[in-house]
Amino acid sequence: MSLDAAIVGPGNIGTDLMYKILDRGENIDLQRMVGIFPVEESDGLQAAVDEGVDVGTEGIDSIKAHADEFDLVFEATSAGIHEQHAPVYEDLGLFAVDLTPAAIGPYTVPVVNADDVVAEGHENVNMVTCGGQATIPIVHAVDRVSSVEYAEMTSHIASKSAGPGTRQNIDKFTQTTAAGLEEVGGAEDGKAIITLNPAEPPIMMRNTVYTMVDGSTDVDEVRDSVDEVASDVQSDVPGYEITLEPEVKAQDDVAFDLGDSIILTTMIEVEGEGQHLPPYAGNLDIMTSAALGTAERVAEQSIEADVAGGVSDD
């Protein structure tokens, strides 16, 4: 048994997600890719046609017309558009996996809270942001060893990997990511910063995470926790790598009095799989991987519920 899905938004993210589903989707069957332009004017829709996936060119109306064919919809448009679409998906009874920063549904990071979010019965889940997917697992890993008083992340991505949607949603990105550091990562207070780097050749996605914890924290225990979580992330995102394990930031490098606390610095690099996007676009790759990972968890819980209820595959 599997879940039938549609992707709304045939841009870079939606197209990369399509290839990931077709390549390694275990319990997700992609039925349709939906956009608003004719196929000949959309590289994403043309790619779907080439892969034998049905397409729609009338946006949300293409979903309404075929709603009985889907269990789940991936939203790969923009925050503003998802705000308009979300009530439609709810009325149609479709589970929505939102890859925009709209944050209508609960923030969801597969290795941290996806199973709990789905079990709670939510029908619209939000993938936070690329920076959130990269750094929230680290904050969570630290927080389960020693309560995180403050978490700050900086995310550096190649300018070439930031399309119009990303650029239009920079403010929303920082707000949503900061909230995710708190609500999912467990930090008492969170802050997010993103920079677009125009360097040539383009840089890989690089992230730095600062976590303020009690000075008595066992740093080796934190490192073990971070390594464990990073390994979990790598099951969905093979190019996810810890480039600096948690290190104590020197007191004289801090512009304020830490009191009895210390700051741990962790660095991460994300390389994309290169299925549709170039490897340097790890910021986009981690979003599509997280979306597929979350959808697989939705499918697994659905299968388990059917088995428990005595439903066969016939």
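To be clear, the structure that these remarks concern was listed above.
Below, the structure is looked at part by part. A quick note: this is a predicted structure, and the numbers were derived from the prediction, not measured.

### Observations concerning empty space enclosed by the protein
Part 1 of the reasoning: Inspection of every chain in the model, using the stated rule, returns 1 cavity of 30 Å³ or more.
Part 2 of the reasoning: In this structure, the largest cavity encloses a volume near 80 Å³.
Part 3 of the reasoning: Taken together, Val 109, Pro 110, Val 111, Gln 133, Pro 137, Val 233, Asp 236, Val 237, Ile 286 and Ala 290 form the lining of the largest cavity.
Part 4 of the reasoning: Contributing elements (two or more residues each) for the lining of the largest cavity: α5 (110-119), α6 (130-143) and α10 (282-308).

### Focus on the pattern of salt bridges
Part 1 of the reasoning: Within this structure, the stated rule accounts for 13 salt bridges.
Part 2 of the reasoning: A salt bridge links Asp 16 to Lys 20; the shortest N-O distance between them is 2.8 Å. Taken together, the residues span about one helical turn, with Asp 16 and Lys 20 both in helix α1 (residues 12-24) at a distance of 4 residues. Considered together, Asp 16 and Lys 20 belong to a single accessibility category, that of buried residues.
Part 3 of the reasoning: Linking Asp 61 and Lys 64 is a salt bridge whose minimum nitrogen-to-oxygen distance equals 3.8 Å. Here Lys 64 and Asp 61 lie together in helix α3 (residues 60-65), a separation of 3 residues that amounts to about one turn.
Part 4 of the reasoning: Connected through salt bridges with shared partners, the residues Asp 16, Lys 20, Arg 24, Glu 273 and Asp 285 form a single ionic network.

### Here we look at the pairing of strand β1 (residues 3-8)
Part 1 of the reasoning: Summarising burial for β1: 5 of the 6 residues are buried, a large majority.
Part 2 of the reasoning: In the sheet, β1 pairs with strand β2 (residues 28-34) via 6 bridges, with the strands oriented parallel. Of the residues in β2, the one forming a bridge with Val 8 is Val 34.
Part 3 of the reasoning: Crossover β1 to β2 through α1 is right-handed.

### Some words on the layout of surface pockets
Part 1 of the reasoning: For the largest pocket, the calculated volume is near 1000 Å³.
Part 2 of the reasoning: What lines the largest pocket is a set of 45 residues, and nearest its centre among them are Gly 11, Ala 76, Thr 77, Ser 78 and Gly 165.
Part 3 of the reasoning: Contributing elements (two or more residues each) for the lining of the largest pocket: α1, α4 (79-92), α7 (164-168) and α10.
Part 4 of the reasoning: A total of 4 residues in the lining of the largest pocket trace back to one element, the largest contributor, which is α7.

### Considerations on helix α9 (residues 219-234)
Part 1 of the reasoning: Across its 16 residues, α9 extends 22 Å between first and last C-alpha, which sits within 8% of the 22 Å expected from 1.5 Å per residue.
Part 2 of the reasoning: Where α9 is buried, its residues touch α5, α6, β10 (240-248) and β11 (261-270).
Part 3 of the reasoning: For α9, the N-terminal cap is Asp 218; the gap from its side-chain oxygen to the backbone nitrogen of Asp 220 is 3.0 Å.

### With respect to the side chain of Thr 208
Part 1 of the reasoning: Positionally, Thr 208 belongs in strand β9 (residues 205-214).
Part 2 of the reasoning: Beyond its immediate sequence surroundings of up to four residues, Thr 208 is in contact with Glu 152, Met 153, Thr 154, Thr 265, Thr 266 and Met 267.

About the criteria used
Note on numbering: residues in each chain are counted from 1, in written sequence order. Thresholds applied to this predicted model are a pLDDT of at least 70 for local features of residues and 80 or more for the giving and counting of side-chain atom pairs; totals over whole chains, interfaces and linings are not thresholded and use all residues. Just so you know, side-chain values use all the structure's heavy atoms and leave hydrogens and water out. Only protein atoms enter the 1 Å grid, on which a cavity is a set of points fitting a 1.4 Å probe that cannot get out and a pocket is an open set with protein on both sides within 12 Å along at least 5 of 7 lines, lining residues being those with an atom within 4 Å of a point. Grid points are joined across faces, edges and corners, and a volume is the space filled by probe spheres set on the points. Helix and strand assignments come from DSSP, with helices taken as H or I runs of at least 4 residues and strands as E runs of at least 2, each series counted from the N terminus. A carboxyl oxygen of Asp or Glu within 4 Å of a side-chain nitrogen of Lys or Arg is what we treat as a salt bridge. Think of it in three bands: residues with accessible area under 20% of the maximum for their type are buried, residues over 50% are exposed, and the middle band is partly exposed, with areas taken using a 1.4 Å probe on protein chains only. Strand pairing requires that DSSP identify at least two bridges connecting the strands. Throughout, right-handed denotes a crossover for which the path from the first strand over the helix to the second runs clockwise when the strands point away from the viewer. Take the number of residues in a helix, subtract one, and multiply by 1.5 Å to get its expected span. We call two residues in contact when some of their heavy atoms are within 4.5 Å. Nitrogen and oxygen atoms within 3.5 Å of one another constitute a polar contact, given that in protein one can donate a hydrogen and the other can accept it, and given that sequence-neighbouring residues count only through two side-chain atoms.

Keep in mind these values describe shape, not function.
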